[in-house]
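# Structural overview for review
Spelled out from the first residue to the last, the chains are:
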Amino acid sequence: MSELASPSAEPNYISRLALQSAPYNEAVDANSFFAGKQIEQRLNLLLHLVQASNQIGVLVAGQGAGKSSLLTQLHSRADDGLRICFIESKSVLDVSSLLAQCLRNFGVEDSEIKLSNDVDALLKNRLIQLQKINIKPLLLIDDIDNLPAVVLREVTSWLLWQQDGAYLLQAIVSAKSEMTALNELQDRIQVVDLPVLNVQEVAAYLIHRLQSVGYQGESPFTDKELKRFYRQSLGNPASLNHLAHQKLLGIRPQLINPLKVHSSNIL
């Protein structure tokens with residue numbers, strides 16, 4: 001098993017390259033965000049949807065293409081006019097846990113939640129309060145296609161709530177493909193694709209990941225290696241991370257079942 005599989009593992013090249021932490025692990029943070037031209041365009045489009053419309057942005061890309069990273073960056077760039085609840089679908093077990101998380105993120109006290117006999121109404125009233133003071137409530141849901149069906153239906157019902165002809169809640173979500181389960185929201189949905197990296201971006205992406213954890217030298221990868229990484233990964237960032245990590249470990253870089261890795265890539 002590669003050391004990359006464990007977020008807490010420290011690869012042996014960290015001290016050799018004078019790094020602060022592992023550059024190619026699965027952790028997502030704002031510093032590791034790579035602002036490639038097409039990626040930045042998608043981020044700006046989603047920010048515009050939030051700021052200037054009530055549309056629901058659906059960010060669509062295959063596994064490992066960087067959806068979580070882009071949503072995290074969107075969260076970090078949000079202005080004071082937004083109140084955000086960021087949901088990672090893997091952490092949502094049921095409607096109750098989702099409701100509690102949303103209520104807290106939208107500013108409802110735990111004591112009020114415990115006393116309420118109708119938490120749905122409590123959430124709706126809180127959204128109305130935020131709208132009245134010109135604060136837009138925003139749901140960010142990473143991998144919405146992994147939510148349990150009952151939770152997805154509940155989220156859909158929230159996104160249909162209106163007051164005086166205006167929607168109470170907006171959302172930006174990510175998914176591996178367009179979802180028929182969201183057809184009820186079709187009039188509000190704006191699908192945004194997330195392209196994989198092109199061959200010219202591979203070198204910049206890999207050195208950016210290194211520099212984000214303190215690297216100050218030249219690229220440790222040759223032009224020949226970079227071209228091979230691109231051929232093997234087809235520009236998928238997660239696959240590039242895996243290949244670069246193996247190379248720095250001194251292991252022959254390769255992907256397990258590379259065709260399977262990219263079979264879900266819709267781009």
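Preceding block: the structure.
A short tour of the structure in this document, coming up. What you are looking at is a predicted structure, and each value in this text was computed from that prediction instead of being measured. (Residues numbered from 1 in each chain as written. Predicted model: local features only at pLDDT ≥ 70, side-chain atom pairs only at ≥ 80, totals over all residues. Heavy atoms only, no water.)

Turning to the overall build of the chain, a few remarks are in order. A count of helices and strands for the chain gives 11 helices and 7 strands. Computed over the C-alpha atoms, the radius of gyration of the chain is 20 Å, within 12% of the 18 Å expected from 2.2 N^0.38 for a compact globule of 267 residues. Counting only C-alpha atoms, the chain reaches 60 × 35 × 30 Å along its principal axes. Put simply, 71% of the contacts in the chain that link residues at least 6 apart link residues at least 24 apart. As displayed, the chain offers around 13,600 Å² of accessible surface, 48% of which is attributable to carbon and sulfur atoms. Taking the 24 positively charged and 27 negatively charged side chains of the chain as two groups, their mean positions are separated by 7 Å. (Helix = DSSP H or I, 4+ residues; strand = E, 2+ residues; numbered from the N terminus. Rg over C-alpha atoms; globule rule 2.2 N^0.38 Å. Contact = heavy atoms within 4.5 Å. Areas by Shrake-Rupley, 256 points an atom, 1.4 Å probe, with all protein chains shown as cover. Lys, Arg positive; Asp, Glu negative; His and termini not counted. Charge placed at Lys NZ, Arg CZ, Asp CG, Glu CD.)

This next bit is on the packing of helix 4 (residues 95-105) against helix 7 (residues 149-159). In contact at an axis separation of 9 Å, helix 4 and helix 7 are set at 40 degrees when each is read in the N-to-C sense. It follows from the interaxial angle that helix 4 and helix 7 lie oblique. From helix 4, V95, L98, L99 and C102 reach across to helix 7, where they touch V150, V151, E154, V155 and W158. (Axes fitted to C-alpha atoms, helices over the stretch in contact; angles between N-to-C directions. Parallel < 35°, antiparallel > 145°, perpendicular 65-115°, else oblique.)

For the structure on display, the rule yields 3 aromatic pairs. With a centroid separation of 5.6 Å and an interplanar angle of 85 degrees, the aromatic rings of F34 and Y205 are classed as edge-to-face. Highlighted residues: F34 in the loop between helix 1 (13-16) and helix 2 (37-52) and Y205 in helix 8 (residues 201-211), separated in sequence by 171 residues. Accessibility classification places F34 together with Y205 in one group, the buried group. Taking 6.4 Å as the distance between ring centres and 35 degrees as the angle between the ring planes, the aromatic pair formed by W158 and W161 counts as tilted. An identical accessibility class is assigned to W158 and W161; each is buried. (Phe/Tyr/Trp six-rings, centres within 6.5 Å; stacked < 30°, edge-to-face > 60°. Buried < 20%, exposed > 50% of the residue type's maximum accessible area, 1.4 Å probe, protein only.)

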